[in-house]
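Chain residues, written in single-letter form:
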Amino acid sequence: NIPVGGALADTMFVMAQKSGDVEAQCLALAAKTKHYRYGHNDAALLNAFAQCRDFAISHKRYKYVFKAWTHVIKYYLSQNRFKEAMQQLQQYQNVMRKLNDPYGISMYFYEVGNFFTLQQQNATALSYYLKAMNYWTDERCSIYTLIAQSYYSLKDYRKGILYARKALGTATTQVMKFNPM
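Heads up: these notes are all about the structure in this document. (Residues numbered from 1 in each chain as written. Predicted model: local features only at pLDDT ≥ 70, side-chain atom pairs only at ≥ 80, totals over all residues. Heavy atoms only, no water.)

Right, let's get into the pattern of salt bridges. What the rule picks out here adds up to six salt bridges. Put simply, D42 and R81 hold a salt bridge, and the shortest N to O gap is 2.6 Å. Note that D42 is positioned in helix α3 (residues 42-58) and R81 in the loop between α4 (62-78) and α5 (82-99), a separation of 39 residues in sequence. By relative accessible area, which is 25% here, D42 ends up partly exposed. (Salt bridge = Lys/Arg side-chain N within 4 Å of Asp/Glu carboxyl O. Helix = DSSP H or I, 4+ residues; strand = E, 2+ residues; numbered from the N terminus. Buried < 20%, exposed > 50% of the residue type's maximum accessible area, 1.4 Å probe, protein only.)

Attention now moves to helix α7 (residues 122-132). What α7 keeps buried is the set N122, A125, L126, Y129 and A132. Seen from one end, α7 has its buried residues packed into an arc of 115°, which puts them on one side. (Arc of directions from axis to C-beta.)

A few words now on the nonpolar core. If you look at the biggest cluster of nonpolar residues, it comprises 53 residues, and the most contacted ones within it are F66, W69, Y92, Y108, I143 and I147. Where this core is concerned, the elements lending two or more residues are α2 (22-37), α3, α4, α5, α6 (102-118), α7, α8 (140-153) and α9 (157-170). For this core, the leading source of residues is α4, giving 10 residues. Residues within four places of F66 in sequence aside, it is in contact with Y92, V95, M96, L99, D101, Y103 and G104. (Core = buried A, V, L, I, M, F, W, Y, C linked by side-chain atoms within 4.5 Å. Contact = heavy atoms within 4.5 Å.)

As a further point, take α5. Here α5 is 18 residues long and its end C-alpha atoms lie 25 Å apart, about the 26 Å a rise of 1.5 Å per residue gives. Buried residues of α5: A85, Q88, L89, Y92, Q93, M96 and L99, and no others. Projected down its long axis, α5 carries its buried residues within an arc of 150°, all on one side. Of the exposed residues in α5, the ones pointing more than 90 degrees away from its buried face are K83, N94, R97 and K98. Contacts made by the buried residues of α5 are with α3, α4 and α6. (Expected span 1.5 Å × (residues − 1).)

Another aspect to go through is the packing of α8 against α9. Think of two packed helices as two axes; the pair is described by the angle between the axes and how far apart they sit. Look at α8 against α9: their axes get within 8 Å of each other, and the N-to-C directions meet at 165°. Judged by the inter-axis angle, α8 sits roughly antiparallel to α9. You can see that α8 and α9 cross each other, and the crossing is left-handed. Between α8, through R140, C141, Y144, T145, I147, A148, Y151 and Y152, and α9, the contact on the second element is made entirely by Y157, K159, G160, Y163, A164, K166, A167 and T170. Its residues assigned to classes, the contact of α8 with α9 comprises 10 nonpolar, three polar and three charged. (Axes fitted to C-alpha atoms, helices over the stretch in contact; angles between N-to-C directions. Parallel < 35°, antiparallel > 145°, perpendicular 65-115°, else oblique. Left-handed = near helix turned anticlockwise from the far one by under 90°. Nonpolar A, V, L, I, M, F, W, Y, C, P; charged D, E, K, R; others polar.)

Turning our attention to the packing of aromatic side chains. Summed over all chains, the structure comprises 16 aromatic pairs. Cluster of aromatic residues (ring-pair linked, three or more members): F49, F66, W69, F82, Y92, Y108, F109, F115, F116, Y128 and Y135. The ring of Y103 has K63 lying over it, and the distance from NZ or CZ to the ring centre is 5.2 Å. (Phe/Tyr/Trp six-rings, centres within 6.5 Å; stacked < 30°, edge-to-face > 60°. Lys NZ or Arg CZ within 6 Å of the ring centre and 35° of its normal.)

One non-glycine residue, N100, adopts positive backbone phi at about 50°. Its place among the elements puts N100 in the loop between α5 and α6. A positive phi angle is found at K155, which is not glycine, with a value near 65°. With respect to the secondary-structure elements, K155 resides in the loop between α8 and α9. Note on K155: relative accessible area 61%, which makes it exposed.

Okay, here's the thing in structure tokens:
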């Protein structure tokens, strides 16, 4: 429910603010951005993201900037709005370079890979997914899965199986083993 989700994120933010928990405040703002990703309302999504970005940067919690930004990029990709997605990726890249955050760098390569996968440019996507693995990330299972998918699409089945096994090996829950993305 669109109105309820945004209000719950706002409540979470206020509660975290009262307790002085900056990390939870960032989490609340990122959750609000994710919530609006599914609302088909560009203005609400971009406003929620701007709040999250500005707050997280001012408190040097860069992971939340990039996590929230992926929701904006995925929003545009899910609608095949590639021009807007690319604009967001370019802005993301500028901030990523400035902050030099390993998580942000990894997620940038991951999202550029998704951009090219959706356009069925699998060799290009693969190169970005492989780059994502050179940086710290908590998304290894998903990245390995997408690498496996890319190799499979390129008909390199041996490497596809190798990376599918790596994905299964990094899955932290049974659910991820069935649905690693």
